[in-house]
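Structure assessment
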Amino acid sequence: MKVCVVGIGYVGLVTAGCLAEAGNSVICVDNDAKKIEGLKKGAIPIYEPGLTEIVQHNEKLKRLEFTTDLKYGIDSAQIIFLAVGTPSQADGSADISAVLAVSGEIAEKMPDYRIIVTKSTVPVGTHKKVAEVVKSKTQKPFDYVSNPEFLKEGSAVEDFMSPDRIIIGTEKESVRETMKQLYSPFMRKGNRIIFMDPTSAEMTKYTANVMLATRISFMNEVAGLCEKMGADVELVRQGIGSDSRIGRAFLFPGVGYGGSCFPKDIRALIYIGEKTGVEMKIAKAAQQANMASQERFAGRICDYFGDRGKSVILAVWGLAFKAKTDDVRESPAINCVNKLLAHGIKIRAYDPEAMTTAAAALGGKITMCENGYDALEGADALVILTEWQEFRNPDFELIAKKLKKPIIFDGRNLYDPEVIKKAGIEYHSVGRPDVK
Ligand SMILES: NC(=O)c1ccc[n+]([C@@H]2O[C@H](COP(=O)([O-])OP(=O)(O)OC[C@H]3O[C@@H](n4cnc5c(N)ncnc54)[C@H](O)[C@@H]3O)[C@@H](O)[C@H]2O)c1
């Protein structure tokens, strides 16, 4: 099939690459000329496991093309995906101006019938606004599909290739059939397409993200209680995760959730609730608990060093909002680093993939190091903020030797306290008794 994807960020590039890998011809359109120029030369602007290989392979086979020219992109494409950003506005609502602007431009430029599909996360009711914009600019026929994306950064290619489910929000049978055909290569383990109306599809996306964020926030609150009561949150997590009604996913306590989706989508759902007179009390509580868990972890470190703050140097492992991504948007690691800096503490940091994005976010306020062990030079303690695989089994002897005093603050509960104890390291983690 011939497809156009507009907005070539984390979602757009993965969508385009995976659709091309399934044999479709995909034209990628973005208004960031620098990004498109880079992509034409094979430079992949983001880190996402497996993405570079797919993009370069399909570009070579001419199944993937990059352009800033929307007209060229939609001329021959039967299906047009919108994957542009929908960032938070000051009042918490999602800014859908890019979605509406691109929809209007598509309407003006489409040569005949097209299917317009929104992958961007958009407020409930956006499908009506898009339809209005398109109708106001063209007499040509079109259909609209709400197809929210559920991929996770860090495993986006895998998630797209083998999704838990695909939500297709459209009432029209012929469009359902077309979308089913497009997604059929990704349904080999069984059909996991769920058809619904566009309003319910838009609602499903926000509900999923807020539910997941709520699980994390609840566990972080429980972790805080465990710290006071002397319980071990990791045992509690195993104890409840084994209950099939609860399940094991998204129960890991730590420094809080972040990234480009959960914080903004929770704000958007709260805003939608306010506008419609249905207060989203649980979403609000999850948001507050998340902020509190970020404060609590950074606060514990600041309290530990007290007035000595200005003479303290800390090594930080991990700046991305989670492992296997270079994305630092609303990263709890960056928030924690900023809180430590505000306390006068100096930071030497390392992240396997997010050094460039973090340097841009922190603007030269910290020292970036070549590797994790380099970051330990002259540091008073090690702080772990992202759960990268390479941090999970480090050389504890070397850590203890390089630090001024062997102390670890672990915001991701990566280590077994017994192992750390044997290595002679003082250990502070989340929701577990300290090891001294
Ligand atoms: N990142 C995720 O993990 C994820 C997962 C599911 C859903 N989403 C949703 O998908 C959408 C995109 O997210 P993202 O993380 O890929 O964003 P992103 O910021 O990485 O990418 C957005 C892209 O759109 C381009 N763009 C903006 N306005 C444009 C315009 N007028 N014309 C052409 N291109 C334009 C930007 O240049 C950028 O390349 C958001 O609504 C987000 O909530 C994201």
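Structure: above.
Just so it is clear, the model here is predicted, and its values are computed rather than measured. (Residues numbered from 1 in each chain as written. Predicted model: local features only at pLDDT ≥ 70, side-chain atom pairs only at ≥ 80, totals over all residues. Heavy atoms only, no water.)

**Regarding empty space enclosed by the protein**
Following the criterion strictly, the structure yields 2 cavities of 30 Å³ or more and no others. If you add up the space inside the largest cavity, you get close to 40 Å³. Considering the residues around the largest cavity, the lining is formed by Thr-118, Ser-120, Thr-121, Val-122, Ser-146, Pro-148, Ala-201, Glu-202 and Lys-205. Broken down by element, the lining of the largest cavity gets its largest block of residues, 3 residues, from helix α9 (residues 198-229). (1 Å grid on protein atoms, 1.4 Å probe; cavity = no way out; pocket = protein on both sides within 12 Å on 5 of 7 lines; lining within 4 Å. Points joined across faces, edges and corners; volume = space filled by probe spheres on them. Helix = DSSP H or I, 4+ residues; strand = E, 2+ residues; numbered from the N terminus.)

**Topic: the sheet that holds strand β11 (residues 367-368)**
Strand order across the open sheet formed by 6 strands is β11-β10-β9-β12-β13-β14, with parallel pairing between neighbours. Each end of this open sheet is capped by a strand with a single partner; those strands are β11 and β14 (426-428). Here 2 bridges tie strand β10 (residues 346-350) to β11, and the two strands are oriented parallel to one another. Bridge pairing in β11 places Ala-349 opposite Met-368. (Pairing = 2+ DSSP bridges.)

**Things to note about the site of the ligand**
Neighbouring the ligand are 26 residues; Asp-30, Lys-35, Thr-86, Glu-153 and Lys-264 lie closest to it. The separation between a nitrogen atom of the ligand and a polar side-chain atom of Glu-153 is 2.7 Å. Contact distances for the ligand include 3.5 Å between a nitrogen atom and a side-chain N or O atom of Ser-260. About the coverage of the ligand: the protein hides 85% of its 830 Å² of free accessible area. Among the secondary structure elements, those contributing two or more residues to the shell around the ligand are α1 (10-21) and α5 (97-109). (Near = heavy atom within 4 Å. Polar contact = N/O pair within 3.5 Å; in protein donor to acceptor, adjacent residues only side chain to side chain. Areas by Shrake-Rupley, 256 points an atom, 1.4 Å probe, with all protein chains shown as cover.)

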